[in-house]
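Summary of structural features
Okay, here's what each chain looks like letter by letter:
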Amino acid sequence: MAETTTPTPTETAAPALTAPRREPRGYSVRSLPGFAVIAIFTFFALYAPILILVTYSFNAGTSLAIWEGFSLRWYYQAAANEAVQDAAIRSLYLAFCAATIATVAATMAALATTRTRRFPGKTMIYALINQPLMIPEIVTAVALLIVFAAIKVWTGHTSMIYLIAAHTAFCVPFAYLPIRARLETMDNTLETAAQDLYASRWLTFRRVTLPLMWPGIVAGLMLAFVISLDDVVITEFVKSAGQETIPTYMLGQLRRVVTPEVNAISTVILMAGVILVALFFRLTSRRR
Amino acid sequence: MTSQTAHAEPAEAAIADTTAIAVDVDRVSKIFRGETEVRALDDVSVGIRKNEFFTLLGPSGCGKTTLLRLIAGFEPPTMGAIRLGTRDISRLPPNQRPINTVFQNYALFPHMSVAQNIAFGLEMLGKPKAEVQRTVDEMLRLVRMEELKNRRTSEISGGQQQRVALARALAPHPEVLLLDEPLSALDLKLRKDMQIELKRLQHETGITFIFVTHDQEEALTMSDRVAVMSAGKILQVGRPRDIYERPAERFVANFIGESNFLDATLSGGTVELAAGGRFDVRVPEGVRDGAVSVLVRPEHASVRSGEAAEGETGATVENVVYSGEATVVHLRLATGEAMKIRLANAPQGGEAPPQTGGAAAIRIAPGAVTVLKD
Amino acid sequence: MSAQAETPFPPGALEREAETADTRRRWLLSLPAIAIIVCAAAGPLLVMVIYSFLTPGDYGNVKWEFSLEGWMNTIVQRDIFDDTLIWADAHLSIFWRSFSLSLITTILTLIIGVPTAWFVATQPPGRREFWLFLVTVPFWTNLLVRTIAIQELIRSEGVINLVLLKIGIIDEPLQMMFTDFAIGFGMTYVYLPLMVLPVYAAVDKLDFRLVEAAHDLYASRWTAFRRVILPLIKPGIIAGSILVFVPCLGAYVTPRVLGGGKNLMFGNLIELQFGAGRNWPLGAALSLMLMAAVMVALIFYVRITSREKADG
Ligand SMILES: Nc1ncnc2c1ncn2[C@@H]1O[C@H](COP(=O)(O)OP(=O)(O)OP(=O)(O)O)[C@@H](O)[C@H]1O
Ligand SMILES: [Mg+2]
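If you're wondering where the values come from, they're calculated on a predicted model, not measured in any experiment.

Topic: the overall build of chain B
Scanning chain B from terminus to terminus reveals 10 helices and 20 strands. Referenced to the eigenvectors of the C-alpha coordinate spread, the extents of chain B come out at roughly 80 × 50 × 45 Å. Here chain B, with 374 residues, has 52% of them falling under the buried criterion. Contacts spanning at least 24 positions in sequence make up 67% of the contacts within chain B whose residues lie at least 6 apart. Carbon and sulfur atoms make up 49% of the accessible area of chain B, which amounts to about 16,700 Å² in all.

Structure, rendered in structure tokens:
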């Protein structure tokens, strides 16, 4: 171990003549006592509940507590459950519509609000786009309930449009985030160069801007998709009768007798989420 | 009247009459309004001739890039007109101007190959496929990049990127090519090669080049004409030799090459140096008889040890610095003015240069004295 | 070159034209996003302001009559017998529970989140990505699912009770569900990544030569942490605290699942007014109060971070 001029607690406690306590990896200012232990505990605590949940989804028995052997019984049961099928299809449809519209809108907004001088209204546009992130979900949910209830009574129309609108609105800031980040790291002179080489505004966008910002757009789309898929609160308040999504279906089930079926559905959602997040990570971190 | 017209040599004025103007910058100003107002260009007028290698030279922040951006159309002028020949293009967007740019950082499209980059402008002009193909091949040959045509632009070296940027800008055969410090990112050796290459390309294509640099040597060696800029103004336009030997102002003299500034008195076409000596000079317009400042380039005078004779000026040697091909002698004149003189080094055993502390005699070559405007 | 300037446009006109066109283009591009958010997020909030000043309808919804009852009922209530105003104790205790549980959760996430963030940020670069990924995955996975996972853990027949019974520490299952403890525990679990991520970002930016300098000047590890590291990563810690505190204050799912019907938090109290409570104006007023509380926290945060920026 290298001589250090710094008297560490161990060194002051143990005089130089006695065998010094060994610090095998050398003296590092980066290690703080106990931090690693807490961190490892944290990771254990983060994943243990999820792992238990996943494990019990494979339980052969009806009980949530006693392990009776491995089986896919609850997965089959969930898959055969018409309410689940219905909710799953609705969830996916909703997430698809909301994420797509939100990503298109967010892409346009990101193009408008990045790489520019201050133009009149810029701050306002920026604040509006991020507004759904600032307000607690329950508040937005209640406000939407009030307005949409009135519209539903007034028009008598109760299609998915309300859910799609609500989901699109809170997906916009999430889609906006990675797209904006991507645009900000992009070299402005590339578009200038395209215009210099006789490309019109539209062709500059098609041939240069869009291909370069594409990873950001895909990342935004995936993020928006996950966010829409996960939403409970706003959906719970906006949905009309019979418009259950997977999360609201599960929330409803929790009031009744809980069976491992909920665990099975949870596991599927978890897996889907992990896969999308992993893809998202790959997309956003792979910059040269 | 602007300074550049005042200083045009008679011969040059003749050329100006016979050569058509490619880009006419007419009293252009550009003001950036941010937290503080920046006058990036201040009433700039200059005419750039067809097929000319024209260089904008000036220190950082003097407005060179701004002038290029205005010509290319990336930014509108605050005042003034920019004409292509006689056509006003102030309102023309950049994609409709027959002007191409080689960007300082090259701005190559990272998602396209070398060949695709070069083809881009031609495709945007709607040229038929066969013609695009042919021109791209021709350009690749011109910049000697045939083997790398399918490489990604991130997979080639800086010098090669530079050449692709050049080929991409030349491919649509613009009337004017703008080059914003295209060589500044290259190392010295590559830079020298590219200087020659650029000259060759300009010669072969016959395109008007407007070249930006803050390297005076580069400007002098490459250009047909040079414009020296400072703080948003063009101070002088002229052939490299005129700029170097007949700078109009102290700033120009100082910026290009090494200078000795001496006090003198002007009376009717002759100056008398304060330190002694009379010289016939060309009097720039606007300079009156009386006290003036004159320029003597260090290599336009010679010095020997000993007392000054007739036609020579006496001085004390303060320092002698050997620098390979030359020796620079730092002198102090009787008036207290400092002067340095550069002597070409002869093979060893020749005449020894003056010794530090000794007396010396300076002889200034006739015609070496230039009267400055300020 | 003409000596006479014949400018084809008045001074500055081209620039103004270009700027106006640019601003118009940017507004047009932003329009879809603005329209969506105004229709389905920001606009309804304004409508809610109106609703908070109306009279509750008999079967939910509202009657279009002006009333301040909604706002008054947030903190006081009329005594049923003598019609005097008394404090709405039920509401006040819910506010207090929301505030105190949010605070406790924030402190708990701080205590375990800061060391975790430190640990991740001081890993060698190759492994760091992996640990960071492990923190991020729960953040993006379904909040309801994670809450269900906690429920599984602390139910009477849940894993914790099962283990404790097996070991013999307890004879009877502990009642953990439907308590404040369950809510705090759940929220700590659910919002922990929101603490770790900003603190990680701060530690990642930390210049370790400063820490070395502190050690060189005879600081012990603990002193160096307190006197050098902590002040430097403070912005991250403040960001993390706000990011945890704000959603806790407005939490709805976690208290609903883990707190049951009795241990309400702010979010559940709001829901109640639109369900069994049938008092929409009160619900609207409560929502606006919650929004205001969150805004105060966010403004506080913006103030602090902008001051930090000005200092740095
Ligand atoms: N978009 C802008 N907004 C505000 N000021 C600007 C802008 N572009 C340039 N300037 C200012 O205008 C002046 C001229 O800038 P310009 O880029 O033309 O200088 P330059 O001669 O090209 O310098 P360099 O040799 O460093 O490239 C500078 O003071 C610069 O700060
Ligand atoms: Mg420049």
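Still more to cover.
Things to note about the layout of surface pockets
The probe, sized like a water molecule, is rolled over the atoms to show the empty space still left. Considered as a void within the structure, the second largest pocket measures approximately 2,000 Å³ in volume. Arg-201 of chain A, Phe-74 of chain B together with Asp-22, Arg-25 and Arg-26 of chain C are the residues nearest the centre of the second largest pocket, which is lined by 48 residues in total. Sorting elements by how many residues they give to the lining of the second largest pocket places helix α1 (residues 13-51) of chain C first, with 11 residues. Classifying every residue of the lining of the second largest pocket gives 17 nonpolar, 14 polar and 17 charged.

Brief notes about the site of ligand 1
All names here are of chain B. Around ligand 1, a shell composed of Phe-32, Val-38, Ala-40, Ser-60, Gly-61, Cys-62, Gly-63, Lys-64, Thr-65, Thr-66, Glu-181 and His-214 is seen. Here Cys-62 contributes a backbone N or O atom positioned 3.2 Å from an oxygen atom of ligand 1. Within the contact set of ligand 1, an oxygen atom lies 2.8 Å away from a side-chain nitrogen or oxygen of Lys-64. Considered on its own, ligand 1 offers 640 Å² of accessible surface; in the complex 61% of this is hidden by protein.

A few points about the UniProt feature "domain: ABC transporter" (unreviewed entry) in chain B
UniProt feature "domain: ABC transporter" (unreviewed entry): in the numbering of this structure it lies at residues 23-256 of chain B. Annotation note: span residues 23-256 of chain B, helix share 36%, strand share 27%, distance between end C-alpha atoms 25 Å.

Quick notes on the packing of helix α6 (residues 158-170) of chain B against helix α7 (residues 188-205) of chain B
All names here are of chain B. With their axes 11 Å apart at the nearest point, α6 and α7 run at an angle of 15° to one another. Viewed along their axes, α6 and α7 adopt a mutual orientation that is roughly parallel. α6 and α7 meet at a crossing whose hand is right-handed. Counting all contacts with α6, which are made through Gly-159, Gln-162, Arg-163, Leu-166 and Leu-170, the residues of α7 involved are Leu-190, Met-194, Glu-197, Leu-198 and Leu-201.

Focus on the domain arrangement of chain B
A common measure of how large an interface is: the accessible area buried when the components associate. Here chain B is partitioned into domain 1 (21-245) and domain 2 (258-371). Computed from C-alpha coordinates alone, the two centres of domain 1 of chain B and domain 2 of chain B are separated by 40 Å.

As for the pairing of strand β10 (residues 233-238) of chain B
For β10 of chain B, the tally of buried residues reaches 5 of 6 residues, placing the bulk of the element in the interior. Counting the residues in the hairpin turn of strand β9 (residues 225-230) of chain B and β10 of chain B gives 2 residues, including Ala-231 of chain B, whose phi is positive at 45°.

With respect to the interface of chain A and chain C
In this complex, chain A contributes 93 residues to the contact, which on the side of chain C involves 83 residues. The contact between chain A and chain C buries some 8,000 Å² in all, and 76% of this surface belongs to carbon and sulfur atoms. Linking chain A to chain C there are 3 salt bridges. Where chain A packs against chain C, one counts 13 residue pairs in polar contact (both at pLDDT 80 or more). Here the element with the most residues in the side of chain A that touches chain C is helix α2 (residues 35-57) of chain A; it accounts for 15 residues.

Brief notes about the sheet that holds strand β4 (residues 79-84) of chain B
All names here are of chain B. Read across the open sheet, the 4 strands follow the order β2-β1-β4-β5; overall the sheet is antiparallel. Looking at strand neighbours, the two that pair on one side only are β2 (37-49) and β5 (87-88), the edges of this open sheet. As defined by bridge partners, strand β1 (residues 21-33) adjoins β2 across 9 bridges and the pair is classed as antiparallel. From the neighbouring strand, Ile-31 faces β2, where its bridge partner is Arg-39. Against the sheet, helix α3 (residues 64-72) engages β1, β2 and β4, with an angle of about 115° to β1.

Examining the side chain of Asn-130 of chain A
All names here are of chain A. Mapping Asn-130 onto the fold places it in helix α5 (residues 122-134). What makes Asn-130 buried here is its relative accessible area of 9%. If we skip the residues at most four places from it in the chain, Asn-130 touches Pro-173 and Tyr-176.

Here is what the cut-offs are and how they apply
- Residue positions are counted from 1 within each chain, in the order its sequence is given.
- Both sets of labels track the order of writing: A upward for chains, 1 upward for ligands.
- Reporting in this predicted model follows two pLDDT cut-offs: at least 70 for local features of residues, and 80 or more for side-chain atom pairs to be given and counted; totals over whole chains, interfaces and linings ignore these cut-offs and use all residues.
- To obtain the side-chain values, all non-hydrogen atoms of the structure were included, while hydrogens and water were left out.
- Comment: elements are numbered from the N terminus, with helices defined as DSSP H or I runs of at least four residues and strands as E runs of at least two.
- Burial here depends on accessible area, computed with a 1.4 Å probe over protein chains only, as a share of the maximum for the residue type. Under 20% is buried, over 50% is exposed, and the range in between is partly exposed.
- By definition in these notes, contact holds between two residues if any of their heavy atoms fall within 4.5 Å.
- Only the protein chains shown count as cover for residues, and the accessible areas themselves come from Shrake-Rupley with a 1.4 Å probe.
- Definitions used throughout: a 1 Å grid over protein atoms alone; a cavity as a set of points that fits a 1.4 Å probe which cannot get out; a pocket as an open set with protein on both sides within 12 Å along at least five of seven lines; a lining residue as one with an atom within 4 Å of a point.
- Grid points are joined across faces, edges and corners, and a volume is the space filled by probe spheres set on the points.
- Lys, Arg, Asp and Glu make up the charged group, whereas Ala, Val, Leu, Ile, Met, Phe, Trp, Tyr, Cys and Pro make up the nonpolar group; the residues left over, Gly among them, are polar.
- Proximity is defined per residue: if any heavy atom of the residue lies within 4 Å of a molecule or strand, that residue is considered near it.
- Side-chain atoms alone can form a polar contact between residues adjacent in sequence; in general such a contact is a pair of N or O atoms within 3.5 Å, and within protein one must be able to donate a hydrogen while the other accepts it.
- UniProt positions are given in the numbering used here, feature names are shortened, and annotations may be inferred rather than shown by experiment.
- Throughout, an axis means a line fitted to C-alpha atoms (over the contacting stretch in the case of helices), and angles, computed between N-to-C directions, take values from 0 to 180 degrees.
- Convention used here: angles under 35 degrees read as roughly parallel, angles over 145 as roughly antiparallel, angles from 65 to 115 as roughly perpendicular, and any remaining angle as oblique.
- Crossing handedness: left-handed means the near helix sits turned counterclockwise from the far one by under a right angle, and right-handed means the same turn made clockwise.
- For the domains described, the bounds stem from an automatic or database domain assignment.
- Only strands joined by at least two bridges in the DSSP assignment are considered to pair.
- Once two parts are put together, the accessible area they lose, assessed with a 1.4 Å probe and summed over both, is termed the buried area.
- Salt bridges, as used here, are contacts in which a Lys or Arg side-chain nitrogen is within 4 Å of a carboxyl oxygen on Asp or Glu.

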